[in-house]
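One-letter residues, chain by chain:
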Amino acid sequence: MPKRKKSTEQMDREVLLNLDSSAEPQNNDSYGSLQNGGFIPPRYLTAAADDDDDNDPIYTHNYSVPSAPPAQPKGNLFRDGKTKIDFVLVWEVKTSRKRRSRGMSGSEVETGQSRSEKKRAYQASLREKFIHNLESAGLQMEKEEAASAKKTIHYLKLSAPWDMMVYYAEELCLRAPLQAQPNPDFNTSARVLQKLHVPNVMSQSVPNRPVDYYTCAFRKSKMEKFLGSENHDTYFTNTQRHRVVYEILARTVYGKRKRAEVGVARLLSEGVFTAAYPLHEGPFEAADHEVSPEVLNPRQVLFQYWARWTKWYKYQPLDHIREYFGEKIAIYFAWLGFYTTWLVPAALVGTFVFISGIISMGSNTPAKEICNSGGRYLMCPLCETCSPWNLSDICPMAKVGYLFDHPGTVFFSVFMSFWAVTFLEYWKRKNATLAHHWDCMDFQEVEERPRPEFAAMAPAMEHNPVTGVKEPYFPEKARISRMLTGSMVIVIMLCVVMIFLVTVIIYRSIVSVMMFETGSSVLRTQAGNIANISSSMVNLALILLMGQVYTALAEQLTKWEMHRTQTQYEDAFTFKVFVFQFVNFYSSPFYVAFFKGRFVGYPGHYGTLFGMRNEDCGPGGCLIELAEQLFVIMVGKQLINNVQEFVIPKLKAWKQKKSMASVKKSQESHDPRRWEKDYELIECEGLFEEYLEIVLQFGFITIFVAAFPLAPLFALLNNWAEVRLDAHKFVCEYRRPVAERAQNIGVWFIILEALSHLSVIVNAFLIAFTSDFLPRLLYQYRYNQELHGYVNFTLAYSPPGYNLTSHTVCRYKAFRDENGNYTLVYWELLAVRLSFIIAFEHVVFFVLRVIDWMVPDVPESLEIKVKRERYLAKQALADNQEALLVSRGQLPVQVSCHGDVHTFNPPHAHCNQVCLEPQGSAHLLQAVQLFISHHHPHLLNFHFRITQP
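Residues numbered from 1 in each chain as written. Predicted model: local features only at pLDDT ≥ 70, side-chain atom pairs only at ≥ 80, totals over all residues. Heavy atoms only, no water.

(A) The overall build of the protein, seen in detail. Secondary structure summary: the protein contains 29 helices and 20 strands in total. Taken across its 949 residues, the protein has 51% of its residues classed as buried. Long-range contacts, defined as pairs at least 24 residues apart, comprise 76% of the intrachain contacts of the protein with a sequence gap of at least 6. (Helix = DSSP H or I, 4+ residues; strand = E, 2+ residues; numbered from the N terminus. Buried < 20%, exposed > 50% of the residue type's maximum accessible area, 1.4 Å probe, protein only. Contact = heavy atoms within 4.5 Å.)

Here's what the structure looks like:
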């Protein structure tokens, strides 16, 4: 499908022509004010000084509340019961107490008090100036206090008036409704089940579903064209109001302009404010269980129909999530639910492959030969101090190994490669449909403002070449040098991961030797499993520890690199953390899959590492060891993460409530208000950790799926819990985040695509070099179709010079002759392996390209809807084109004046009445009025009459 040259929002701007020619001249010289390269009414400008002023005054504004305030109204409203609370700023002030001077001199006590007082005074001055500038910008304010003997908590409630909302709705390109339409049904499974006449237990009727509209970019001059514009109280949604107020909070100056001291984010980091958040829509639990669903508030709807564990099998109410939390969070849950749904067929096929392995395990000829061999195959010792052992000792492991290494795993690898790409292709279609439905299909960040941290640390100010606004500037060369330095730190940390990997390998070797030296036959036969499982647990602990350390380090590195915008910062941080976590989590499985057992050598010429013999694959083969590692790391990580997501928020909430206990105790006379209850909740931590956890899981179920066919099943079980855990956090435990717009999952989709392509290559090598599939295939083709004698085929004899105390010859697994040289079979098998890899990759990638071509990114039905929406927008506003030409005097209009017909361009100077005939319209009437007022102001008392046909 050819790409559109212009975005929807750009086309909307072209359609919605502005007939207001009385705009004031622009002034783009300042940064950090409410200006953003466009006209702003003077009443919205901050009281900040000019750029050249080095000594900005600290404004103070005294505001107080009555000693006996009236009763609080119900809902998130000011005391007047009408003004909506759009945002709350909170700060705490500790009650002054005399410091104990025990063990301190008088000067030390005085100095300590002075420093503390200076810091509090400085924070108070910044806070007062920031609040004053917010008031100058036009925000309405109301303050509340909650005091105890230890501290006082101040709550500043903010509200955006109608004029400010109208201005910022146009500034931020908010979407405005043109025409209501039926809500579409996006659940493919629901449609399929309906056609099959199968009851759909996943569907549920969620009350108060948001209405779907055809929309276009808001324009103040065309307000009468939008639905509901006459009702100022309900026209803008709560999430739109939150976005507008947060935009003002992020732009407002509070200090010296040359230092770019701007925005509430930096004030929060400096402790000037302790919290800034929009309010939840009331409690999440209904007071009466018998209450009608239609009267539930939006938060209660989300709790009753989404966040409860009893709804684990129901569809997510995505429209309600988007309306309450915004598109960015809604798209995450839509992606997580879509991914979880697609895991169902993968889990079913993987479970079927695993069960088929169990069923066919008894008919495995090589395993039968091993179990019935007795003392026929005397194997070489596995360590320098170990004794020879009989191959029949590993009979149980040989049978279990077949579960993870049989022809079905090859089929499953191919299936999962197709599954991954098909999943991503259909997610693109689903994402496009949701983005259009939520009015963010062509959403792009318009010329982002600099991050507050960047603004605070940038050494210079330069003019932005796009907007002309003076902004903080950091030299590009200095940034590149910092990024290179940060890359070196990443390399060092990756080396640390490799060191830990070597440590785990040494640990595994030591444990294996210890198990052999015990003399117990049980421990000797299970030595490899014990060492592998215990080392996997140690490795998991090191992985989680290193992940926490590196995430904190990556955050500091990314800040130090001085990325200008928040998008650049998030992309750089995501890349750093994912690269590290990829190596951190997957280095051990990669080692087991492709390096373990490759550099062992042969009896008498073993390879060594730090004086210890290199690891060889266990008796059951490396594939079963890889499966054990994947199980411990993947499932262990999921369990630990779920416990953390359940326990840590509750501990943080308990700590927050404990810190407020004294204040609540002193206010037992009245129930806590909404802003107080929300302050007890914990701050929303964003979606980064959630995305990272699921993307790493996606790597486990695609890259190493040939060794662990049950991985999709464990991922499915985890994600069912993950959806409800995350939903419960956002609805019940987090403060309400500011609604953010987003059209997709961002850079994470690129990472998923890279993982899906990497999985094809890794699985090809895994089947070719780690599995016994190709050696068995070669033996069946050349020697015996039933695999009789296959065990002896894979075993070599020790060289004659290999002296042993009790025997002269032992066997080991390799394709070597008696002198330790590779046999012709080894080279034939190598050629078969390389040929398989090339054929596997080419066939799979070709089919993937066919799937990509056959599945369009945007459904045809959606293309029709997009065209329909644009057509309606143009139809609704088409006569503006004619009106614009009239207003400019470019379109003559026949008018009658005192019975004489004249051409309107211009009317006669003696006329004081103009009558439009049947060809006239309301927009032509406006155009005539506008034209006369601009070009003929002497016609002060003119009268218009429109006669409709």
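(B) Structural view of a nonpolar patch on the surface. Residues Val201, Trp312, Tyr313, Val344, Leu348, Leu717 and Trp720 make up a contiguous nonpolar surface patch of roughly 660 Å² in combined accessible area. Of all the secondary structure elements, the ones that give two or more residues to the nonpolar patch are helix H9 (327-360) and helix H22 (711-733). Tracing the backbone shows Leu717 in helix H22. Taking the relative accessible area as the measure of exposure, Leu717 reaches 45% and is therefore partly exposed. (Patch = residues over 30% accessible without salt bridge, like charges linked within 9 Å, V, L, I, M, F, W, Y side chains within 5 Å. Areas by Shrake-Rupley, 256 points an atom, 1.4 Å probe, with all protein chains shown as cover. Salt bridge = Lys/Arg side-chain N within 4 Å of Asp/Glu carboxyl O.)

(C) Molecular detail of the nonpolar core. In this structure, Trp306, Phe325, Trp335, Trp419, Leu626 and Ile745 are the most contacted members of the largest nonpolar core, which totals 131 residues. For Leu626, the contacting residues outside a window of four places in its chain are Pro589, Val592, Ala593, Phe704, Ala707 and Leu766. (Core = buried A, V, L, I, M, F, W, Y, C linked by side-chain atoms within 4.5 Å.)

(D) Representation of the pattern of salt bridges within the structure. The full count for this structure, using the stated rule, is 25 salt bridges. The closest approach of N and O atoms between Glu281 and Arg736, which form a salt bridge, is 2.8 Å. Taken together, the positions of Glu281 in the loop between strand E6 (275-277) and helix H7 (298-307) and Arg736 in the loop between H22 and helix H23 (747-770) put the pair 455 residues apart, joining distant regions of the chain. Given a relative accessible area of 17%, Glu281 falls into the buried group. Arg322 is the salt-bridge partner of Glu327, the closest N and O atoms lying 3.1 Å from each other. Glu327 sits in the buried class, given a relative accessible area of 9%. Salt bridges here are not isolated pairs; linked through shared partners, they connect Arg79, Glu142, Glu144 and Lys157.

(E) The state of the cysteines, seen in detail. What the rule picks out here adds up to two disulfides. Here Cys380 is linked by a disulfide to Cys810, with a sulfur-sulfur distance of 1.9 Å. Disulfide Cys380-Cys810: the torsion about the S-S bond is 85 degrees, which places it as right-handed. Within this pair, whereas Cys380 is found in the loop between strand E7 (378-379) and strand E8 (389-390), its partner Cys810 is found in the loop between strand E15 (795-797) and strand E16 (811-813), the two being separated by 430 residues in sequence. Both residues of the pair, Cys380 and Cys810, count as buried. (Disulfide = S-S within 2.5 Å.)

(F) Molecular detail of the packing of aromatic side chains. Under the counting rule described, the total for this entry stands at 62 aromatic pairs. Seen in terms of ring centroids, Tyr332 and Tyr691 are 5.0 Å apart; in terms of plane orientation they differ by 75 degrees. Their pairing is edge-to-face. Of this pair, Tyr332 sits in helix H9 while Tyr691 sits in helix H21 (residues 688-703), placing them 359 residues apart in sequence. By relative accessible area, which is 0% here, Tyr332 ends up buried. Residue class for Tyr691 comes out buried when judged on its relative accessible area of 7%. Taking the centre distance of 5.5 Å and the plane angle of 10 degrees together, the rings of Trp419 and Phe423 count as stacked. (Phe/Tyr/Trp six-rings, centres within 6.5 Å; stacked < 30°, edge-to-face > 60°.)

(G) Region of the structure containing the pairing of strand E4 (residues 175-181). By the criterion of burial, E4 is predominantly enclosed, with five of the seven residues buried. Two strands pair when backbone bridges link them, and E4 and strand E5 (residues 212-217) are joined in this way by six bridges, in the antiparallel orientation. Across the sheet, residue Ala180 finds its bridge partner in E5, namely Tyr213. (Pairing = 2+ DSSP bridges.)

(H) Just the confidence of the model for the protein, in detail. When the pLDDT values of the protein are averaged, the result is 75; 74% of them are 70 or greater. Long-range and interchain partners of residues 1-70, a stretch whose pLDDT sits below 50, account for 159 contacts in this model, where long-range means more than four residues apart. (pLDDT = per-residue confidence, 0-100.)

(I) Region of interest: the sheet that holds strand E2 (residues 140-147). Taken together, the four strands give an open sheet; going across it, the order is E2-E3-E1-E6, and neighbouring strands pair in antiparallel fashion. Of all strands in the sheet, those bounded by a partner on one side alone are E2 and E6. Shown here is a sheet whose adjacent strand axes are inclined to one another by a mean of 15 degrees, direction ignored. Relative to strand E3 (residues 151-159), strand E1 (residues 87-94) runs antiparallel, the two sharing eight bridges. Looking at E3, one finds that Lys94 is bridged to Lys151. Across the sheet, helix H5 (residues 238-251) lies against E1 and E3, angled at about 50 degrees from E1, the strand it touches most. (Axes fitted to C-alpha atoms, helices over the stretch in contact; angles between N-to-C directions.)

(J) How the structure looks around helix H17 (residues 566-594). Its 29 residues give H17 an end-to-end C-alpha distance of 40 Å, which sits within 8% of 42 Å, the value for a rise of 1.5 Å per residue. In H17, a bend of some 45 degrees at Tyr586 exceeds every other bend along the element, and Pro589, a proline, comes one to four places later. (Expected span 1.5 Å × (residues − 1). Bend = angle between axes of the 7 residues up to and from the residue.)

(K) Structural detail: the environment of Asn614. Structurally, the position occupied by Asn614 is in the loop between strand E14 (612-613) and helix H18 (622-659). In sequence terms Asn614 and Ile506 are 108 residues apart; their C-alpha atoms lie 9.3 Å from each other. Ignoring sequence-local partners within four residues, the contact set of Asn614 consists of Phe599, Val600, Gly607, Thr608 and Leu609.

(L) Geometry of the side chain of Asn718. Residue placement: Asn718 occurs in helix H22. The exposure class assigned to Asn718 is buried, which follows from its relative accessible area of 4%.

(M) Structural view of the environment of Leu848. By secondary structure assignment, the location of Leu848 is in helix H26 (residues 824-854). Sequence-wise, Leu848 and Ser417 are 431 residues apart; in three dimensions their C-alpha atoms are separated by 8.4 Å. Leaving out residues up to four positions away in the same chain, Leu848 has contacts with Ser417, Phe418, Val421 and Val760.

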